[in-house]
Amino acid sequence: MNKSFNAILICIAILTGCSTTPDRSPLPVELISKVSIPGIPAARFWADEWPRFSIQRLNSFSDAELKKRSSATYNVPHNYLAISGGGANGAFGAGLLAGWTASGTRPEFTMVTGVSTGALTAPFAFLGADYDAKLKTIYTTTWTKDVALERNLIAALFGDSLADTKPLKQLIRHYMTPEVIKAIAIEHKKGRRLFLGTVNLDAARSVIWNIGAIAVSDYPEKVSLIHDIMRASAAIPVAFPPVMIPVEVDGKQYDEMHVDGSVGAQVFVYPAAVNWKKLTKRLKVKGRPQVFVIRNAFIEPDYNGVNRSVLPIASRSIDALLRASGTGDLYQIYALCKRDGNDFNLAYIPTDFTDKPSEGFDPVYMSKLYQRGYDMAYQGYPWEIGPPGFVRVIEAESAEK
């Protein structure tokens, strides 16, 4: 971003009350428990609840029905993959997956979740090694202009964002073809799950979208809906425009405003409200489920002297906030693993990777980061078995024994 970007920020701060946005039809609060995507009752659920339809299915299905509906997840080991946000740093996760494949140790994932850039990676990680080449292309050839175009000062002032993400919409459409979505539907029918996260800004709550359930549905606009969910999951508030998703109550149409899933959680596996032990027991899971978390970011804090002016202070404060909240998400996942009998495995960008991008999405930088992730995984990635801080305690305890 150039100097006009800074000017836009200043003008927005002064003239916020003057801005106008297109008319919309937000959902009345009293209908929030009734709203749905037409014909797809299991399309999504709140990230802080165990959805009622899931509880009913788990309690009502016989073992024979569960086995039939979950051929790929019944009476087998479970492996879950959670991919975080991180923008261009998603190249690290893409490279790690490819190196993992090359090492011959990458498992088939029972469930894959993704947020922000992780939502762009997750569908291909879910479908397996045959899609590694697509991820490499996405994360080693993409420039900033292929994701977003900076709006002029007037358009930004009187619009809903600083940039236009029509290029990102085209990018998603190019790679998430109807054929890819059909492949996701096939895996969903076997019991495997693909979940992407957004934040419903009207409700200020995180939403988990069941992409496989949408893919197998007869909803006529399901391809466009999946594209919109992926774009919404990466819609950084203010920087990128929110995505309006149509919903319905009693035949009447409304819209919901969805933004970057990282606003709610930078990485997730499943809601804390879910009785995961009960679920794995009903599915007769073999052994301890393995949770693999790819954090497309640096975890260790870095020192950087800040100029005493508004924009550097704001930028650095946001960086610190994101690092802290991301670490909090890792601790929550770790706590769930301990509670539910899962093994926790964490990967993140090492501190000795010191290259810097020349712009938001820089193919040279991303290619180097992709290769770093690839090399680490190919050599046998040193997964950490606890979140930051805990690892040192675990290592100290092991040394004492």
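Residues numbered from 1 in each chain as written. Predicted model: local features only at pLDDT ≥ 70, side-chain atom pairs only at ≥ 80, totals over all residues. Heavy atoms only, no water.

What follows deals with the overall build of the protein. Helix and strand counts for the protein stand at 15 helices and 11 strands. Taken over the C-alpha atoms alone, the protein extends approximately 60 × 60 × 35 Å along its principal axes. Burial status across the protein gives 48% buried among its 401 residues. (Helix = DSSP H or I, 4+ residues; strand = E, 2+ residues; numbered from the N terminus. Buried < 20%, exposed > 50% of the residue type's maximum accessible area, 1.4 Å probe, protein only.)

In this structure, Ile37, Leu81, Leu96, Met176 and Ile184 are the most contacted members of the largest nonpolar core, which totals 78 residues. Excluding residues within four positions of it along the chain, Met176 makes contact with Pro123, Phe124, Ile181, Ile184, Ile226, His227 and Met230. Formed by 32 residues, the second largest nonpolar core is a distinct cluster that contains Val269, Leu330, Leu336 and Phe344. (Core = buried A, V, L, I, M, F, W, Y, C linked by side-chain atoms within 4.5 Å. Contact = heavy atoms within 4.5 Å.)

This part covers helix H6 (residues 132-141). Every buried residue of H6 is accounted for by Asp132, Leu135, Ile138, Tyr139 and Thr140. On its buried face, H6 sits against helix H4 (90-103), helix H5 (117-127), helix H8 (166-175) and helix H14 (363-378).

Bringing the environment of Ile229 into the picture now. Looking at where Ile229 falls in the secondary structure, it is placed in helix H11 (residues 222-233). Linking Ile229 and His258, residues 29 residues apart in sequence, is a C-alpha distance of 8.3 Å. Sequence-distant contacts of Ile229, defined by excluding residues within four places in its chain, comprise Leu196, Thr198, Trp209, Ile211, Ile214 and Ile245.

A few words now on the pattern of salt bridges. When charged atoms on two side chains of opposite charge get close, those side chains can pair. On inspection of all chains with the given rule, the structure shows 16 salt bridges. With its nearest N and O atoms 3.1 Å apart, the salt bridge here joins Glu187 to Lys190. Judged by its relative accessible area of 14%, Glu187 is buried. Judged by its relative accessible area of 32%, Lys190 falls in the partly exposed class. Across the pair Asp352 and Arg372 runs a salt bridge whose closest N-O atoms are separated by 2.8 Å. Of the two residues, Asp352 is situated in the loop between strand S11 (343-349) and H14 and Arg372 in helix H14; the sequence distance between them amounts to 20 residues. Taking relative accessible area as the criterion, Asp352 reaches 52% and is therefore assigned exposed. Counted as one network, the salt bridges with shared partners bring together Arg24, Asp202 and Asp255. (Salt bridge = Lys/Arg side-chain N within 4 Å of Asp/Glu carboxyl O.)

Most of H5 is tucked away, with 11 of its 11 residues classed as buried. Turning to H5, its buried residues number three or more, namely Thr117, Gly118, Ala119, Leu120, Thr121, Ala122, Pro123, Phe124, Ala125, Phe126 and Leu127. Positive backbone phi, at 105 degrees, marks Gly128, one or two positions downstream of H5.

Attention shifts here to the side chain of Ser217. Its place among the elements puts Ser217 in the loop between helix H10 (211-216) and H11. At 3.3 Å, the side chain of Ser217 and the backbone nitrogen of Tyr219 are in polar contact. In this view, Ser217 contacts Ile40 and Lys222; residues no more than four positions away in its chain are not counted. (Polar contact = N/O pair within 3.5 Å; in protein donor to acceptor, adjacent residues only side chain to side chain.)

Moving on, we get to the packing of aromatic side chains. Scanning all chains against the criterion turns up 13 aromatic pairs. Measuring from centroid to centroid gives 3.9 Å for Tyr270 and Trp276, while their planes differ by 5 degrees, and the two rings are stacked. Residues Tyr270 and Trp276 agree in their burial class; the two are buried. Here Tyr374 and Tyr378 contribute two aromatic rings whose centre-to-centre distance is 6.1 Å and whose plane-to-plane angle is 15 degrees, an arrangement assigned as stacked. Of this pair, Tyr374 and Tyr378 both sit in helix H14, four residues apart, which is roughly one turn of the helix. Residue classification places Tyr374 among the partly exposed positions, given a relative accessible area of 25%. By relative accessible area, which is 49% here, Tyr378 ends up partly exposed. (Phe/Tyr/Trp six-rings, centres within 6.5 Å; stacked < 30°, edge-to-face > 60°.)

Let us now look at the confidence of the model for the protein. When the pLDDT values of the protein are averaged, the result is 89; 90% of them are 70 or greater. Note on residues 1-20: pLDDT is under 50 here. Beyond four places in sequence and across chains, it has 25 contacts. (pLDDT = per-residue confidence, 0-100.)

Right, let's talk about the packing of H6 against H14 for a bit. Interaxial distance between H6 and H14 falls to 7 Å at its minimum, and their mutual angle equals 135 degrees. Our classification of the angle between H6 and H14 gives oblique. Residues Lys136, Tyr139, Thr140 and Thr141 of H6 form the contact with H14, whose own contacting residues are Pro363, Met366, Ser367 and Tyr370. (Axes fitted to C-alpha atoms, helices over the stretch in contact; angles between N-to-C directions. Parallel < 35°, antiparallel > 145°, perpendicular 65-115°, else oblique.)

Glancing now at the pairing of strand S9 (residues 252-260). Where strand S6 (residues 193-200) lies against S9, three bridges are found, and the strand directions are antiparallel. Its bridge partner lying in S9, Thr198 is registered against Asp260. Sheet topology places strand S8 (residues 243-249) next to S9; seven bridges connect them, and they run antiparallel. Looking at S9, one finds that Met244 is bridged to Met257. Joining the antiparallel neighbours S8 and S9 is a turn of two residues, in which Asp250 adopts a positive phi near 50 degrees. (Pairing = 2+ DSSP bridges.)

It is worth spelling out the environment of Val216 at this point. One can find Val216 in helix H10. A relative accessible area of 32% means that Val216 is categorised as partly exposed. Excluding residues within four positions of it along the chain, Val216 makes contact with Ala185, His188, Lys189 and Lys222.

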